[in-house]
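Next come the chains, spelled out residue by residue.
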Amino acid sequence: MFSASAANRAFWDSDADSYHATHPEYLSSFYWCPEMLHEAEAQLLGDVSLATVLELGCGSAPCTQWLQGRAEFATGFDLSAVMLSHAEPGLPLVQADALALPYRDDAFDVVFSAFGALPFIADLDSALAEVYRVLRTGGRFVFSVPHPMRWVFPDDPANFTAELSYFDRAYLEQNSNGELTYAEFHRTLGDWLRALQVRGGFKILNQIEPEWPEGLDITWGQWSPERGALFPGTAIFVCQAVDAHP
């Protein structure tokens with residue numbers, strides 16, 4: 001059976017063109033989530049004018065592109081070469097796995113991810129350890145993921161019936177040969193707290209659940225105005241690397 005990394009690399013390589021054709025608005029700038037919360041508005045990264053910044057799971061890197069000229073240095077990486085091929089030419093990007101970052105220790109002041117990599121990694125602790133390794137002490141780690149509450153609902157924005165257990169931790173797809181073709185992993189709010197603060201060496205400074213903005217009528221998988229009016233679709237964690245790693 002393929003590893004989750006191999007399966008998801010193949011999936012995103014095959015889906016990259018369709019993904020970009022389907023979500024042009026979201027991929028046009030630095031948006032944290034389908035609720036279209038922009039970094040210029042949210043300022044979750046803080047003042048990056050003198051900071052070195054890494055985007056984890058950057059895809060075609062619209063966020064890294066937006067940071068050019070705003071940060072001292074901003075770079076990104078992604079598992080999928082085809083996703084990276086959609087990026088603006090000349091951006092400082094590399095192909096890499098979040099479980100084995102090709103950067104030296106203490107290389108960055110800020111690490112962030114907007115729906116990138118973390119939901120697709122089975123070994124979350126190892127991924128967070130890599131983030132901690134490349135982040136300077138006191139550095140900021142900010143990431144957005146599907147809100148844990150969304151796991152119980154199907155990918156049908158008109159369906160409001162909970163169909164999956166909140167306590168199931170993985171969704172896996174296999175081909176007829178039993179080979180893994182797609183892997184996505186769920187963490188409860190408690191899972192995130194323990195992974196970050198108990199085991200990961202991070203202090204959670206803030207946890208944001210963006211509300212669906214009035215007038216936004218874009219539907220994207222599980223995200224829609226109808227669902228967004230009732231319950232959150234995105235969780236954003238703002239964290240800091242502390243001195244004493246567990």
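Residues numbered from 1 in each chain as written. Predicted model: local features only at pLDDT ≥ 70, side-chain atom pairs only at ≥ 80, totals over all residues. Heavy atoms only, no water.

- An unreviewed UniProt entry annotates the protein as Class I SAM-dependent methyltransferase of Corynebacterium minutissimum.

### Examining the overall build of the protein
So, step 1. The number of helices and strands found in the protein is seven helices and nine strands.
So, step 2. By the compact-globule yardstick of 18 Å for 246 residues, the protein fits well, its C-alpha radius of gyration being 17 Å.
So, step 3. When the backbone C-alpha atoms are referred to their principal axes, the protein occupies close to 45 × 45 × 40 Å.
So, step 4. By the burial criterion, 52% of the 246 residues in the protein qualify as buried. (Helix = DSSP H or I, 4+ residues; strand = E, 2+ residues; numbered from the N terminus. Rg over C-alpha atoms; globule rule 2.2 N^0.38 Å. Buried < 20%, exposed > 50% of the residue type's maximum accessible area, 1.4 Å probe, protein only.)

### So, the environment of I208
So, step 1. One can find I208 in strand β8 (residues 202-208).
So, step 2. Once the C-alpha coordinates of I208 and A87 are considered, the two residues, 121 residues apart in sequence, prove to be 28 Å apart.
So, step 3. Ignoring any residue separated from it by four or fewer positions in sequence, one finds I208 in contact with L44, T234, A235, I236 and V238. (Contact = heavy atoms within 4.5 Å.)

### What to know about the UniProt feature "domain: Methyltransferase type" (unreviewed entry) in the protein
So, step 1. With numbering aligned to this structure, UniProt lists the feature "domain: Methyltransferase type" (unreviewed entry) at residues 54-143.
So, step 2. Within residues 54-143, the helical portion is 24% and the strand portion 31%, while the C-alpha atoms at the span's ends are 12 Å from each other. (UniProt positions renumbered as here; feature names shortened; annotations may be inferred.)

### Quick look at the state of the cysteines
So, step 1. As enumerated under the stated definition, the model contains zero disulfides in all.
So, step 2. This cysteine, C33, is not joined by any disulfide, and C63 carries the nearest cysteine sulfur, 11 Å off.
So, step 3. Given a relative accessible area of 0%, C33 falls into the buried group.
So, step 4. C58 carries a free sulfur, and the closest cysteine sulfur to it, the one in C63, is 8.9 Å from it. (Disulfide = S-S within 2.5 Å.)

### Digging into the side chain of S60
So, step 1. Along the chain, S60 turns up in the loop between β1 (52-56) and α3 (62-67).
So, step 2. Reaching out from S60, the side chain makes a polar contact with the side chain of H20 at a distance of 2.7 Å.
So, step 3. Aside from chain neighbours lying at most four places away, what touches S60 is H20, M83, H86, A87 and E88. (Polar contact = N/O pair within 3.5 Å; in protein donor to acceptor, adjacent residues only side chain to side chain.)

### Details of helix α6 (residues 189-199)
So, step 1. Taken together, the buried positions of α6 are D191, W192, A195 and L196. One face of α6 carries all of its buried residues, which in axial projection span an arc of 110 degrees.
So, step 2. Elements in contact with the buried residues of α6: α5 (124-134), β5 (135-146), β8 and β9 (234-241). (Arc of directions from axis to C-beta.)

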